[in-house]
Amino acid sequence: MADEKVIETFVDRSEDGSFSFDEHVALEDRMVLNMGPSHPSTHGVLRVVLTLSGEVIEKADLDIGYLHRGMEKIAEAYGFHKFIPYTDRWDYLAPIANNMTYVTAIERLLGVEAPERAQALRVICWELGRIQSHLLGLGAFAMDVGAMTIFLWTFREREIIYDLIERICGARFTTSYARIGGVDRDAPPGWLEDVKAFCVEFPKRVDEYETLLTRNRIWVERLDEVGVISAADALAYGLTGPNLRGSGVEYDLRREEPYCGYEKYEFDVPVGLKGDCYDRYLCRVGEMRESARILIQAIEKIPGGEYCLENYKAAIPDKQRVTRRMEELIHHFIVITEGPKAPKDSEFYFRAENPKGALGIYTVGAGGNRPQRLRIRGPSFMNLSILPKLLPGHMLSDVVAILGSFDFVMGECDR
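A. Focus on a nonpolar patch on the surface. A surface patch of nonpolar side chains, amounting to about 490 Å² of accessible area, comprises M326, L329, I330, F333 and I334. Along the polypeptide, L329 turns up in helix α12 (residues 326–337). Here L329 falls in the partly exposed class, since its relative accessible area comes to 40%.

B. The arrangement of the sheet that holds strand β9 (residues 357–366) in detail. Taken in spatial order, the three strands of this open sheet run β8-β9-β10, and their pairing is antiparallel. The open sheet has two edge strands with one neighbour each: β8 (344–354) and β10 (371–377). The sheet shows a mean angle of 10 degrees between the axes of neighbouring strands, direction not considered. By the bridge criterion, 10 bridges tie β8 to β9 in an arrangement that is antiparallel. Bridge pairing links E353 to A358 in β9.

C. Layout of the packing of aromatic side chains. Per the counting criterion, the structure on display carries 14 aromatic pairs. Seen in terms of ring centroids, F83 and Y102 are 5.4 Å apart; in terms of plane orientation they differ by 70 degrees. Their pairing is edge-to-face. Placement of F83 in the loop between α1 (71–78) and α2 (95–110) and of Y102 in helix α2 is noted, with a sequence separation of 19 residues between them. Pair check on accessibility: F83 and Y102 agree, each one buried. With a centroid separation of 6.3 Å and an interplanar angle of 85 degrees, the aromatic rings of Y262 and Y265 are classed as edge-to-face. Neither residue differs from the other here; Y262 and Y265 are each classed as buried. Taken together, the ring pairs in this structure connect Y78, F83, Y86, W90 and Y102 into an aromatic cluster. The aromatic ring of F267 is capped on one face by R255, whose charged end is 5.1 Å from the ring centroid.

D. Structural view of helix α5 (residues 191–213). If you check α5, its first and last C-alpha atoms are 32 Å apart, about what 23 residues at 1.5 Å a residue would give, namely 33 Å. Where α5 bends most, at E201, the angle is about 35 degrees, and the proline P203 comes one to four residues later. Residues of α5 that are buried: W191, L192, V195, F198, C199, F202, V206, Y209 and L213. Where α5 is buried, its residues touch α3 (116–145), α4 (149–169), α6 (217–223) and α10 (277–301).

The rules behind each value
Residues numbered from 1 in each chain as written. Predicted model: local features only at pLDDT ≥ 70, side-chain atom pairs only at ≥ 80, totals over all residues. Heavy atoms only, no water. Patch = residues over 30% accessible without salt bridge, like charges linked within 9 Å, V, L, I, M, F, W, Y side chains within 5 Å. Areas by Shrake-Rupley, 256 points an atom, 1.4 Å probe, with all protein chains shown as cover. Salt bridge = Lys/Arg side-chain N within 4 Å of Asp/Glu carboxyl O. Helix = DSSP H or I, 4+ residues; strand = E, 2+ residues; numbered from the N terminus. Buried < 20%, exposed > 50% of the residue type's maximum accessible area, 1.4 Å probe, protein only. Pairing = 2+ DSSP bridges. Axes fitted to C-alpha atoms, helices over the stretch in contact; angles between N-to-C directions. Phe/Tyr/Trp six-rings, centres within 6.5 Å; stacked < 30°, edge-to-face > 60°. Lys NZ or Arg CZ within 6 Å of the ring centre and 35° of its normal. Expected span 1.5 Å × (residues − 1). Bend = angle between axes of the 7 residues up to and from the residue. Contact = heavy atoms within 4.5 Å.

Structure below.
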């Protein structure tokens, strides 16, 4: 008889990593659908196992780990300095922001502080990375929902940022620009002026994006009251960044726990009203405008002085001195090959407001040049944790909109 037919679905993993087959659902009423790990709208190798009743989601289970590369153990093996290039591979949509967060965390562990000019350059890099990430997030989000033009437009501005980053560090994508004690090199002549010119023009480009989307009837109907997250749920699941602020929680680490001189800059924190996909979209659009505002202030207020610390036990000496003085050459060799040493029994946790949310670095020093333990708190991992609660009750087509509104990247989710 039809009502006696059942199928078995793998929805949970046991402790040994294998799937259990203990849930039975009626064949004619339910369907199990694998969305990902190669589906375009999962934005990477994310697999979502959906249990459907018609087109309505009854259960959603996430299967992550396809991109796991053992980043934390690599840091513990390579040491503080040699690990810097690996930070590019976390949120690879804004690698320069990862650089800054990591080196700031290590400096706090070592008990050193970068010069004021280096801190201002870091703020500029953080905000360029934020705009860079939000541009791709918005373009991919819109394309997932069916709007192709916006993707091409956002990449127009993103390419300008790529060119600016290439001019300051020599690389477009894997930047590795930060250094313990400061940054790799000072801003080249004319660079700050070109960044400011971009920031003056950029709000007009954001106006163009909003002309296409914000009042677009199809866009609004696809996002309004879809994927609603209450403020209580957002806090309970550890959401941060635009996904938290989209639920009406005005919490931004740049304001609540200032670092690198963020307390000197004036900016607003966009927040949502309903906590739906539309609010998360508006928050990111608002954040791009505020990032341009911060960049202009940082450039106008940037102090003179050194771009890297002159404590050569922790920082790399200037290349000109390395080629002319024996002491600097020795320090350069030691820092590059071994790296700085952390105080014994030291530990520190630092978190910064990265584009996807709060990126946290927990480090434990044992007196050597390698961390005894390094833990990466990736915001995308925490943000995705609410999906099993959020997706049930939505239509299958809503999954694409919800995932796009989260703007996650699997590089910092799996690590």
